[in-house]
Amino acid sequence: MPIGRVNAAKFIARLLPEPHETDFGGEPAHRLLTTAHADRVCPPSGHSIGWTDCYASADMLPLPDKADLLLEPNGEPRSIPHHLVGEARELADWAGRQAARIRREAHHRGLR
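Residues numbered from 1 in each chain as written. Predicted model: local features only at pLDDT ≥ 70, side-chain atom pairs only at ≥ 80, totals over all residues. Heavy atoms only, no water.

Things to note about the overall build of the protein
Link 1 in the chain: In terms of helices and strands, the protein carries 5 helices and 0 strands.
Link 2 in the chain: The linear arrangement of helices and strands in the protein, starting from the amino end, is α-α-α-α-α.
Link 3 in the chain: Counting only residues that meet the buried cut, the protein has 36% of its 112 residues in that class.
Link 4 in the chain: Once local pairs closer than 6 in sequence are excluded, the contacts in the protein between residues at least 24 apart make up 66%. (Helix = DSSP H or I, 4+ residues; strand = E, 2+ residues; numbered from the N terminus. Buried < 20%, exposed > 50% of the residue type's maximum accessible area, 1.4 Å probe, protein only. Contact = heavy atoms within 4.5 Å.)

A closer look at the packing of aromatic side chains
Link 1 in the chain: Inspection of the entire model under this criterion finds 1 aromatic pair.
Link 2 in the chain: Taken together, a centroid distance of 5.3 Å and an interplanar angle of 25° make the contact between Trp51 and Tyr55 stacked. Of this pair, Trp51 and Tyr55 are both found in helix H3 (residues 51–59), 4 residues apart, which corresponds to roughly one turn of the helix. (Phe/Tyr/Trp six-rings, centres within 6.5 Å; stacked < 30°, edge-to-face > 60°.)

Overview of the confidence of the model for the protein
Regions with low pLDDT carry predicted coordinates that are not meant to be interpreted in detail.
Link 1 in the chain: Here the protein averages 89 in pLDDT, while 88% of its residues score no lower than 70.
Link 2 in the chain: The spread of mean pLDDT over the elements of the protein runs between helix H1 (residues 20–23), the lowest at 91, and helix H5 (residues 86–108), the highest at 97. (pLDDT = per-residue confidence, 0-100.)

A few points about unusual backbone geometry
Link 1 in the chain: Between Glu18 and Pro19 the backbone carries a cis peptide bond, its omega angle lying at 10°.
Link 2 in the chain: As for its placement among the helices and strands, Pro19 is situated in the segment before H1.

Here's the deal with the packing of helix H2 (residues 26–41) against H5
Link 1 in the chain: It is at 9 Å that the axes of H2 and H5 come closest, and there the two elements cross at 125°. Between H2 and H5, the crossing angle belongs to the class labelled oblique. For the pair H2 and H5, the sense of crossing is left-handed. Here Leu32, Leu33, Thr35, Ala36, Asp39 and Arg40 of H2 lie close against H5, whose contacting residues are Ala88, Leu91, Ala92, Trp94, Ala95, Gln98, Ala99 and Ile102. (Axes fitted to C-alpha atoms, helices over the stretch in contact; angles between N-to-C directions. Parallel < 35°, antiparallel > 145°, perpendicular 65-115°, else oblique. Left-handed = near helix turned anticlockwise from the far one by under 90°.)

Some words on the pattern of salt bridges
Link 1 in the chain: Taken as a whole, this structure holds 8 salt bridges when the rule is applied.
Link 2 in the chain: For Glu105, the salt bridge goes to Arg109, with nearest N and O atoms at 2.8 Å.
Link 3 in the chain: Looking at Arg109, the relative accessible area reads 29%, which means it is partly exposed.
Link 4 in the chain: Salt bridges linked by common partners bring Arg14, Glu27, Asp59 and Lys66 together as one network. (Salt bridge = Lys/Arg side-chain N within 4 Å of Asp/Glu carboxyl O.)

Have a look at this one:
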């Protein structure tokens, strides 16, 4: 009997065990990092994948993996794209700093 395709997202644990999830900022941190990622990769001039789909693809990840979307390999925040201005630029800056903190702490706790 053939086995059908399975959506892997069902098996990815989005939430970390407590107290880690709460210590890293919980749902507000998920929204911050996911919004910053979608804003970053979807410029106003358009993108082959829509903002909502970019948001959804990042939203299913746990916080340390979301943080990695905003960081360079050395753990520093990626530079902010030029298309982000005003409030979106401030959000991207804040998200980058939070992502770096989450990544450092997750590594320190042995979570990633």
